[in-house]
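Chain by chain, the residues:
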Amino acid sequence: MKRKLFLLTLLCFIFVCYTVQAQGKLVFEKETHDFGTIAEGTQATYVFKVRNEGNEPVVIPNVQASCGCTTPTWTKEPILPGKTGTITAVYNSTGRPGPFHKNITVLSNNSVLPRHVLYIKGEVGPKDLISGPTPEQKALSPRLAVGSTNYSFGKLEKGQKAVAKFLIRNTGRKPLVIQGVKSPCNCINYRTSAAEIKPGEVATLELRYIPALLGEQNEIVTVFSNDLIMPSLKLTLKANVTEAKASKDMLREGAKPTPFR
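Report on the accompanying structure.

Analysis parameters
- Residues numbered from 1 in each chain as written.
- Predicted model: local features only at pLDDT ≥ 70, side-chain atom pairs only at ≥ 80, totals over all residues.
- Heavy atoms only, no water.
- Helix = DSSP H or I, 4+ residues; strand = E, 2+ residues; numbered from the N terminus.
- Buried < 20%, exposed > 50% of the residue type's maximum accessible area, 1.4 Å probe, protein only.
- Contact = heavy atoms within 4.5 Å.
- Polar contact = N/O pair within 3.5 Å; in protein donor to acceptor, adjacent residues only side chain to side chain.
- Patch = residues over 30% accessible without salt bridge, like charges linked within 9 Å, V, L, I, M, F, W, Y side chains within 5 Å.
- Areas by Shrake-Rupley, 256 points an atom, 1.4 Å probe, with all protein chains shown as cover.
- Salt bridge = Lys/Arg side-chain N within 4 Å of Asp/Glu carboxyl O.
- Pairing = 2+ DSSP bridges.
- Phe/Tyr/Trp six-rings, centres within 6.5 Å; stacked < 30°, edge-to-face > 60°.
- Axes fitted to C-alpha atoms, helices over the stretch in contact; angles between N-to-C directions.
- Disulfide = S-S within 2.5 Å.

**Comments concerning the overall build of the chain**
Summing up its helical and strand segments, the chain has two helices and 17 strands in all. Out of the 261 residues belonging to the chain, those deemed buried represent 40%. For the chain, contacts bridging at least 24 residues in sequence account for 71% of all contacts bridging at least 6.

**Quick notes on the side chain of Thr-75**
Inspection of the secondary structure puts Thr-75 in the loop between strand S5 (70–74) and strand S6 (84–92). Residue classification places Thr-75 among the buried residues on the basis of a relative accessible area of 13%. There is a polar contact of 2.9 Å between the side chain of Thr-75 and the backbone nitrogen of Thr-86. Discounting residues that sit within four places of it in the chain, Thr-75 has contacts with Ile-60, Gly-85 and Thr-86.

**Points about a nonpolar patch on the surface**
Together, Leu-228, Ile-229 and Met-230 line one region of the surface with nonpolar side chains, adding up to about 230 Å² of accessible area. On the basis of relative accessibility, which here comes to 40%, the residue Ile-229 falls in the partly exposed class.

**Here's the deal with the pairing of strand S15 (residues 215–225)**
Pairing analysis gives four bridges linking strand S12 (residues 178–182) to S15, with the strands arranged antiparallel. Considered in S15, the bridge of Gly-180 is made with Phe-224. Pairing of S15 with strand S16 (residues 232–242) involves ten bridges; the strand directions are antiparallel. Within the sheet, the bridge partner assigned to Gly-215 lies in S16 and is Val-241. What sits between S15 and S16 in their antiparallel hairpin is a turn of six residues.

**Considering the environment of Asn-218**
Within the secondary structure layout, Asn-218 lies in strand S15. With 19 residues separating them along the chain, Asn-218 and Leu-237 place their C-alpha atoms 5.7 Å apart. Among all residues touching Asn-218, those that are not within four sequence positions of it are Leu-237 and Lys-238.

**Observations concerning the packing of aromatic side chains**
The final tally for this structure, using the stated rule, is six aromatic pairs. Taking the centre distance of 6.3 Å and the plane angle of 40° together, the rings of Phe-35 and Phe-100 count as tilted. A residue pair is termed long-range when its members are at least 10 positions apart, and Phe-35 in strand S2 (residues 32–39) and Phe-100 in strand S7 (residues 98–107) qualify at 65 residues. Phe-35 sits in the buried class, given a relative accessible area of 1%. Under the relative-accessibility criterion, Phe-100 is labelled buried at 6%. For the ring pair Tyr-151 and Phe-153, a centre distance of 5.0 Å and an interplane angle of 70° mean the geometry is edge-to-face. Of the two residues examined, Tyr-151 and Phe-153, each falls in the buried class.

**So, the environment of Pro-72**
Structurally, Pro-72 can be placed in strand S5. We classify Pro-72 as buried; its relative accessible area is 17%. As for Pro-72 and Thr-105, which are separated by 33 residues in sequence, their C-alpha atoms are 9.6 Å apart. Once residues within four sequence positions are removed from consideration, Pro-72 is found in contact with Val-63, Ala-65, Thr-88 and Ile-104.

**Things to note about the sheet that holds S7**
One open sheet accounts for four strands, arranged S2-S8-S7-S4; its pairing is mixed. The sheet is open, and its two edges are formed by S2 and strand S4 (62–65), each paired on a single side. Ignoring strand direction, the axes of neighbouring strands in this sheet form an average angle of 20°. Across ten bridges, the pairing between S7 and strand S8 (residues 115–125) is antiparallel. Its bridge partner lying in S8, Gly-98 is registered against Val-124.

**Here's the deal with the state of the cysteines**
Per the counting criterion, the structure on display carries two disulfides. Across the disulfide, Cys-67 is cross-linked to Cys-69 (sulfur-sulfur distance 2.1 Å). Disulfide Cys-67-Cys-69: the torsion about the S-S bond is -50°, which places it as left-handed. Ordering the disulfide-forming cysteines of the chain by sequence position, one finds them joined as 1-2, 3-4.

In structure tokens:
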């Protein structure tokens, strides 16, 4: 009887030890991002990277923003041990001048630490934001260079999702960060292949366009970055928009980005 009780106790101990050790562990590359000063109307976007440093998969079932001005998206599939996922926070600065400090709560199935809080902050300045960096700051500034500033989709159907891709290079001396985009139509979102572009490196900027008007469209997109010499860059998207005939959920990928010359 004592032997059976001992074996049962030992099995319970082993099970408890395994349960404690077998855990996913989310580790964020950074938990706070400061946009600095952005122009009003900017859709300020930042991608938080997270790595599972545990030994079990981690699932993120929900991400909650502290207000309706911030829209989060996140990796839906399980994050396997050693792999990374992302939480993207988009702050809509339209009609919100002044400083902001928002939190994003990440919920996961990690029983040890099921809740992580991320933060975005900054200040919304005038729509036509003009900065005055010193010569020393300009010399050390990141620099945004783009292979082409125009992209033509050709014919699109109204409501069809389309993606234009641009190659961007940081020719400056500090990491380059794309801080947001805005357009008169408010129908364009973006993402970049890297949250920060190191000096000398190249990344892809994707502009996601959903046309709402018929006919020949020329959408002027202003891209904001931490480039102190040229903090904004204008890109042009062209399309001949027709009435929808097929599925409205078609996704047309842009052609290969124009290389640097």
